[in-house]
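In case you want the letters, here they are:
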Amino acid sequence: MAPAITLAAEAPKLSAANTGFMLICSALVLIMTPGLAFFYGGMVRVKSTLNMLMMSFISMGIITILWVLYGFSLAFGTDKGSFIGWTSDWVGLSNIGLTELWPGYTIPVFVFMVFQLMFAIITPALISGALADRVKFTAWSIFITLWATLVYFPVAHWVWGTGGWAFDLGVIDFAGGTAVHINAGAAALGVILVIGKRVGFKKDPMRPHSLPLVMLGSGLLWFGWFGFNAGSWLGNDDGVGALMFVNTQVATAAAMLAWLLYEKIRHGAFTTLGAASGAVAGLVAITPSGGAVSPLGAIAVGAIAGVLCAMAVGLKYRFGYDDSLDVVGVHLVGGVIGSLLIGLFASGKGQSTVEGLFYGGGLTQFWKQCAGVFAVLGYSLVVSAILAFVIDKTIGMRVTEDEEIAGIDQAEHAETAYDFSGAGGGAARTAVPAPADTDAKKVDA
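Cut-offs and rules
Residues numbered from 1 in each chain as written. Predicted model: local features only at pLDDT ≥ 70, side-chain atom pairs only at ≥ 80, totals over all residues. Heavy atoms only, no water. 1 Å grid on protein atoms, 1.4 Å probe; cavity = no way out; pocket = protein on both sides within 12 Å on 5 of 7 lines; lining within 4 Å. Points joined across faces, edges and corners; volume = space filled by probe spheres on them. Helix = DSSP H or I, 4+ residues; strand = E, 2+ residues; numbered from the N terminus. Nonpolar A, V, L, I, M, F, W, Y, C, P; charged D, E, K, R; others polar. Core = buried A, V, L, I, M, F, W, Y, C linked by side-chain atoms within 4.5 Å. Buried < 20%, exposed > 50% of the residue type's maximum accessible area, 1.4 Å probe, protein only. Contact = heavy atoms within 4.5 Å. Patch = residues over 30% accessible without salt bridge, like charges linked within 9 Å, V, L, I, M, F, W, Y side chains within 5 Å. Areas by Shrake-Rupley, 256 points an atom, 1.4 Å probe, with all protein chains shown as cover. Salt bridge = Lys/Arg side-chain N within 4 Å of Asp/Glu carboxyl O. Phe/Tyr/Trp six-rings, centres within 6.5 Å; stacked < 30°, edge-to-face > 60°.

This part takes up empty space enclosed by the protein. This model, assessed by the stated rule, comprises 3 cavities of 30 Å³ or more. The calculated volume of the largest cavity comes to roughly 70 Å³. Secondary structure elements with two or more residues in the lining of the largest cavity: α1 (16-43), α9 (272-289) and α12 (327-345). By residue class, the composition of the lining of the largest cavity is 7 nonpolar, 2 polar and 1 charged. In this structure, the second largest cavity encloses a volume near 40 Å³. Forming the boundary of the second largest cavity are Met 32, Leu 36, Ile 122, Leu 126, Val 180, His 181, Leu 221, Trp 225, Phe 228 and His 331. Secondary-structure elements contributing two or more residues to the lining of the second largest cavity are α1, α3 (109-127), α6 (177-195) and α7 (211-230).

Structure, rendered in structure tokens:
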């Protein structure tokens, strides 16, 4: 019996399987933000732990409300001049039917909306690592509100929105190399150039207070990143999402090993911080490229990112900018590497038929990637610096020097991460004086 002929014009139908898959992916992406909080929280000194956690958690609150009110409409609404979107029916998520499908896909608009919300939440949270120890919590909250509105929502439209200039140009960004990582990394650089260095930068030891927390955070990031990456194909029908899942694992492993090897050669040790940072560098680099490269290409992308990001984290000491937790070195540099390598390693057998230089496609795609990378980098850097400057000159961006030295946790949150008051396990012991006739030598013994 001949198979039934499917008409090309047949409209997509809601897929329960793809809808469930995307809701799971959305939850995986959300858990990345607490994972990031632990990752950053372990890397700072003990007196800044809670502030670091809160800078991520507040993003989950503020960005959610902004996204519902107008962010989704600005990012994915009807294109306005290739720069921004707007659909008034989406303001406050009004007039969206429960089973109304995202155009061209088999998932509801609500599912696409909530998946993209999780990206919008974690992107400003990424910036916080560069600003550790010194930014007022109120100033940070105002900054991410303005930054999401003026930077993230427009850039998301450029890259992923129908009619966005980068989307129409053919810039490939599977899951956020430009819109998330370069965007956040450039913003971090812009802000720290305005607010300056921590007290004691390059003088005082500023080592991570809890490497187990760092490893826990990186593990949660690695786990959640499968939703971040594989889910960005918005379905599971043609194998591209599976390719992205595989490449995410492969590139992350390669980057971790490459970072550790570089670290051993350069510094003589394999560190847990290096393993965690290398894994994150690989995750960042494969995010834009994983749907376009083969698994062998993913190994190359991860290894290159692992080495170059490990080298880049030391640039802050050479150039004197205080990127507290290496957001610039890992997210900005890793995002640039992963995005540009598409122009070299795209196989033409993944998300599209686009081929990179090493597969016979020339440099056409490479130059498109350059356009997307440097436009997002420049825009985010400049606007972020302006926002930080305005906030600093009005309400002040930084805590006082005394508050920074004493600890931002106590100054901004009236709490400390660890309470050791009961660590003795009982009442204080009172010394009993020796009898007057005790031999002094016996007492000394």
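With that settled, the discussion passes to the nonpolar core. The biggest cluster of nonpolar side chains holds 121 residues, and the ones touching the most others in it are Trp 67, Phe 72, Leu 131 and Phe 143. Beyond its immediate chain neighbours, meaning those up to four positions away, Phe 143 contacts Ile 127, Val 191, Ser 384, Leu 387, Ala 388, Ile 391 and Met 397.

Take unusual backbone geometry next. A positive phi angle, near 70 degrees, is found at Ser 82, a position not held by glycine. Note on placement: Ser 82 falls in the loop between β1 (79-80) and β2 (84-85). The class of Ser 82 is partly exposed, set by a relative accessible area of 26%.

This part covers a nonpolar patch on the surface. On the surface, a cluster of nonpolar side chains totalling about 510 Å² of accessible area is made up of Leu 357, Phe 358, Tyr 359, Leu 363 and Trp 367. Using a relative accessible area of 36% as the deciding quantity, one classes Leu 357 as partly exposed.

This model, assessed by the stated rule, comprises 29 aromatic pairs. Ring centres of Phe 174 and Trp 233 lie 5.6 Å apart, and the angle between their planes is 10 degrees; on these two criteria the pair is classed as stacked. One end of the pair, Phe 174, is in the loop between α5 (165-169) and α6; the other, Trp 233, is in the loop between α7 and α8 (240-267), with 59 residues separating them in the sequence. On the basis of relative accessibility, which here comes to 7%, the residue Phe 174 falls in the buried class. Taking the centre distance of 5.9 Å and the plane angle of 10 degrees together, the rings of Phe 201 and Tyr 317 count as stacked. With a gap of 116 residues between them, Phe 201 in the loop between α6 and α7 and Tyr 317 in helix α11 (residues 315-319) connect regions that are remote in the sequence. One aromatic cluster is present, formed by Trp 67, Tyr 70, Phe 72, Phe 76, Trp 90, Trp 102, Phe 112, Trp 147, Tyr 152 and Phe 153 through successive ring pairs.

Once that is clear, we can look at the pattern of salt bridges. For the structure shown, the criterion picks out 5 salt bridges. A salt bridge links Arg 198 to Asp 133, with the shortest nitrogen-to-oxygen separation between them at 3.3 Å. With Arg 198 in the loop between α6 and α7 and Asp 133 in the loop between α3 and α4 (137-160), this residue pair connects regions lying 65 residues apart in the sequence. Judged by its relative accessible area of 9%, Arg 198 is buried. Taking the relative accessible area as the measure of exposure, Asp 133 reaches 3% and is therefore buried. Among the ionic pairs, Arg 198 bridges to Asp 322, the shortest N-O distance being 2.8 Å. Of this pair, Arg 198 sits in the loop between α6 and α7 while Asp 322 is found in the loop between α11 and α12, placing the two residues 124 residues apart along the sequence. Take Arg 198 and Asp 322: they sit in the same class, and that class is buried.

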